[in-house]
Amino acid sequence: MSAVQGRYRPLFAGILLALTVATAARFVADHYGAPVMLFALLIGMAFNFLAVDPRFKPGLEFSSKNLLRIGIVLLGARITTSDIASLGLSTFATVVGLIALTIGTGFVCGRIFNKQWRFSLLTGGSVAICGASAALAIASVIPHNEKTERNLLFTVVSVTTLSTIAMILYPILFTVLGLTTSQSGFLVGATIHDVAQVVGAGYSISTDVGDVATIIKLLRVAMLPVVLVIIVLALAGQRRGGTGSVRLPLFVVGFAALTAINSLGLLPAVAAKAAVDLSGWLLVVAISALGVRTNMKDMLQLGWRHVAMVVTETLVLLILAIAAVEIGLAG
């Protein structure tokens with residue numbers, strides 16, 4: 001027992017700091033209807049002066065990496081294959097196509113705005129799949145450099161902010177367009193980045209729209225491990241000239257396994273809810289730790305091109321999704 005305590009004792013202060021920031025962010029979000037991820041980042045950044053303190057540094061690193069991966073694994077409890085199957089082949093293919101095209105848009109924008117492929121993949125993937133959660137997961141499997149944490153934090157802030165704006169504006173837009181319940185539900189679920197904002201926007205229109213939007217959004221979340229596997233395979237092939245064995249990150253395997261277990265009905269409803277709730281907390285704690293570790297001065301050095309990329313990807317996704325509905329591919 002003493003050996004275990006000795007191993008984890010250096011982590012305690014940093015984890016406690018991240019948990020404290022996460023709790024404060026939760027309080028603000030619950031009482032004022034604000035995005036919890038955004039407040040976790042902003043409050044965390046206020047404590048950046050503690051990031052270099054040797055008492056906090058190990059725990060902050062552990063929270064932003066290890067706790068993050070556990071949180072991603074537990075996201076698998078949100079999803080069942082029966083929910084996905086209920087959408088139909090055409091809708092499924094359309095959602096997958098939108099994800100692929102949005103990620104591709106990220107690389108095109110990277111060329112236009114002179115950004116590296118890492119940032120293109122990070123922003124394109126987060127817009128295409130599930131916002132902050134996708135950004136965190138993608139950042140875990142791509143090679144890191146000196147800009148990785150700064151770019152990750154920017155991506156989380158930007159997609160969370162845009163997702164909140166979309167939660168307010170998209171229901172108005174879809175109502176003006178005179179869309180049906182299924183069409184509105186599809187568009188809300190297919191175009192808004194974060195799960196919480198999808199739920200907020202969908203149910204602000206109607207219960208039926210909210211139900212459809214949630215299922216569509218969970219399909220996008222379900223594609224996260226698929227995209228991560230593709231990224232890992234592509235990077236491994238690039239490093240090895242297209243040959244050699246590939247080792248998938250354990251948290252990707254865990255996500256897929258938990259999704260399969262939940263789909264087979266082997267996970268009790270109480271356990272699934274507990275896993276989803278714990279996942280939400282762990283992701284907020286990880287974001288809080290990331291916020292503490294990020295210097296605002298570095299963020300302010302980012303230029304307009306960073307913002308232009310994420311905004312462009314968001315608008316392209318919206319336009320493509322509306323086009324898909326108009327030609328009858330979904331909704």
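For the structure itself, look to the data block above.
Residues numbered from 1 in each chain as written. Predicted model: local features only at pLDDT ≥ 70, side-chain atom pairs only at ≥ 80, totals over all residues. Heavy atoms only, no water.

Undergrad: Could you clarify how one ought to interpret the overall build of the protein chain in this entry?
TA: A tally of regular secondary structure across the protein chain gives 17 helices and zero strands. Expressed as lengths along the three principal axes of its C-alpha atoms, the size of the protein chain is roughly 60 × 50 × 50 Å. Going through the 331 residues of the protein chain one by one, you find that 50% of them count as buried. Nonlocal contacts in the protein chain, meaning residues at least 24 apart in sequence, comprise 82% of its contacts between residues at least 6 apart. When the accessible area of the protein chain is evaluated, it comes to approximately 15,200 Å², of which 67% is carbon and sulfur surface. (Helix = DSSP H or I, 4+ residues; strand = E, 2+ residues; numbered from the N terminus. Buried < 20%, exposed > 50% of the residue type's maximum accessible area, 1.4 Å probe, protein only. Contact = heavy atoms within 4.5 Å. Areas by Shrake-Rupley, 256 points an atom, 1.4 Å probe, with all protein chains shown as cover.)

Undergrad: Is there a simple way to think about the packing of aromatic side chains in this case?
TA: Inspection of every chain in the model, using the stated rule, returns four aromatic pairs. An angle of 40° between the planes, with centres 6.0 Å apart, marks the rings of Phe119 and Phe154 as tilted. Placement of Phe119 in helix 7 (residues 117-128) and of Phe154 in helix 9 (residues 148-176) is noted, with a sequence separation of 35 residues between them. Take Phe119 and Phe154: they sit in the same class, and that class is buried. The cationic tip of Arg26 hangs over the ring face of Trp281; the distance from NZ or CZ to the ring centre is 5.1 Å. (Phe/Tyr/Trp six-rings, centres within 6.5 Å; stacked < 30°, edge-to-face > 60°. Lys NZ or Arg CZ within 6 Å of the ring centre and 35° of its normal.)

Undergrad: Looking at this structure, how should I read the environment of Leu68?
TA: Following the sequence through the fold, Leu68 ends up in helix 4 (residues 57-74). C-alpha of Leu68 to C-alpha of Leu282: the two residues are 214 residues apart in sequence and 6.3 Å apart in space. Residue contacts for Leu68: discarding those within four places in its chain leaves Ser63, Leu136, Ser140, Leu283 and Ala286.

Undergrad: Looking at this structure, how should I read a nonpolar patch on the surface?
TA: Among the surface-exposed residues, Phe12, Leu16, Leu19, Leu278 and Trp281 lie close enough to one another that they form a single nonpolar patch of about 480 Å² accessible area. The biggest single contributor to the nonpolar patch is helix 2 (residues 12-32), with three residues. Tracing the sequence through the fold places Leu16 in helix 2. (Patch = residues over 30% accessible without salt bridge, like charges linked within 9 Å, V, L, I, M, F, W, Y side chains within 5 Å. Salt bridge = Lys/Arg side-chain N within 4 Å of Asp/Glu carboxyl O.)

Undergrad: Would you explain the pattern of salt bridges in this entry?
TA: Oppositely charged side chains are able to pair whenever their charged atoms sit close together. By the definition in use, this model includes three salt bridges. Put simply, Asp277 and Lys273 hold a salt bridge, and the shortest N to O gap is 2.9 Å. Remark: Lys273 and Asp277 occur in helix 15 (residues 269-292); sequence separation between them is four residues, near one turn of the helix. The class of Asp277 is partly exposed, set by a relative accessible area of 38%.

Undergrad: Got a minute to help me understand the packing of helix 8 (residues 132-141) against helix 9 in this structure?
TA: Two numbers describe a pair of packed helices, the interaxial angle and the distance between the axes. At their nearest, the axes of helix 8 and helix 9 sit 9 Å apart, and the two run at 165° to each other. With respect to each other, helix 8 and helix 9 are oriented roughly antiparallel. Helix-helix and strand crossings are classified by hand; for helix 8 and helix 9 the assignment is right-handed. Counted together, Ala132, Ala135, Leu136 and Ala139 of helix 8 and Leu152, Thr155, Val156, Val159 and Thr160 of helix 9 form the full contact between these two elements. (Axes fitted to C-alpha atoms, helices over the stretch in contact; angles between N-to-C directions. Parallel < 35°, antiparallel > 145°, perpendicular 65-115°, else oblique. Left-handed = near helix turned anticlockwise from the far one by under 90°.)

Undergrad: Which parts of the structure should I look at to understand the packing of helix 4 against helix 8?
TA: Interhelical geometry of helix 4 versus helix 8 gives an angle of 120° and a closest axis separation of 10 Å. It follows that helix 4 is oblique to helix 8 by the angle criterion. In this structure, the crossing between helix 4 and helix 8 has a hand that is left-handed. Across from Leu68, Arg69 and Ile72 in helix 4, the residues of helix 8 making contact are Leu136, Ala137 and Ser140. Considered class by class, the residues forming the contact of helix 4 with helix 8 number four nonpolar, one polar and one charged. (Nonpolar A, V, L, I, M, F, W, Y, C, P; charged D, E, K, R; others polar.)

Undergrad: Sorry if this is basic, but what is going on with helix 2 here?
TA: With 21 residues, helix 2 ought to run about 30 Å at 1.5 Å a step, and its terminal C-alpha atoms sit 30 Å apart, in line with that. Buried within helix 2 are the following residues: Gly14, Leu17, Ala18, Val21, Ala22, Ala25, Val28 and Ala29. One side of helix 2 holds all its buried residues, which, seen down the axis, span an arc of 130°. Facing away from the buried side of helix 2, by more than 90 degrees, are the exposed residues Phe12, Asp30 and His31. Against helix 3 (36-45), helix 4 and helix 15 lie the buried residues of helix 2. Positioned one or two residues after helix 2, Gly33 has a phi angle of 65°, which is positive. (Expected span 1.5 Å × (residues − 1). Arc of directions from axis to C-beta.)

Undergrad: Please explain unusual backbone geometry as it appears in this structure.
TA: Across residues other than glycine, the phi torsion is negative in most instances, and most of the peptide bonds are trans. The phi dihedral of Asn114 falls on the positive side, at around 60°, and the residue is not glycine. Structurally, the position occupied by Asn114 is in the loop between helix 6 (89-112) and helix 7.

Undergrad: Is there a simple way to explain the nonpolar core in this structure?
TA: Where a protein is soluble and globular, its nonpolar side chains tend to be buried together. Ranked by size, the top nonpolar core spans 102 residues in total, and within it Ile99, Ile129, Leu152, Phe186, Leu228 and Ile231 carry the most contacts. With 11 residues, helix 15 is the single largest residue contributor to this core. If near-sequence neighbours (up to four positions away) are discounted, Leu152 is found in contact with Leu122, Ala135, Leu136, Ala139 and Leu290. (Core = buried A, V, L, I, M, F, W, Y, C linked by side-chain atoms within 4.5 Å.)

Undergrad: Can you walk me through the environment of Gly106 in this structure?
TA: Among the secondary structure elements, Gly106 is positioned in helix 6. Separated by 151 residues in sequence, Gly106 and Ala257 place their C-alpha atoms 29 Å apart. Excluding residues that lie within four positions of it along the chain, Gly106 makes contacts with Ser120, Gly124, Met309 and Glu313.

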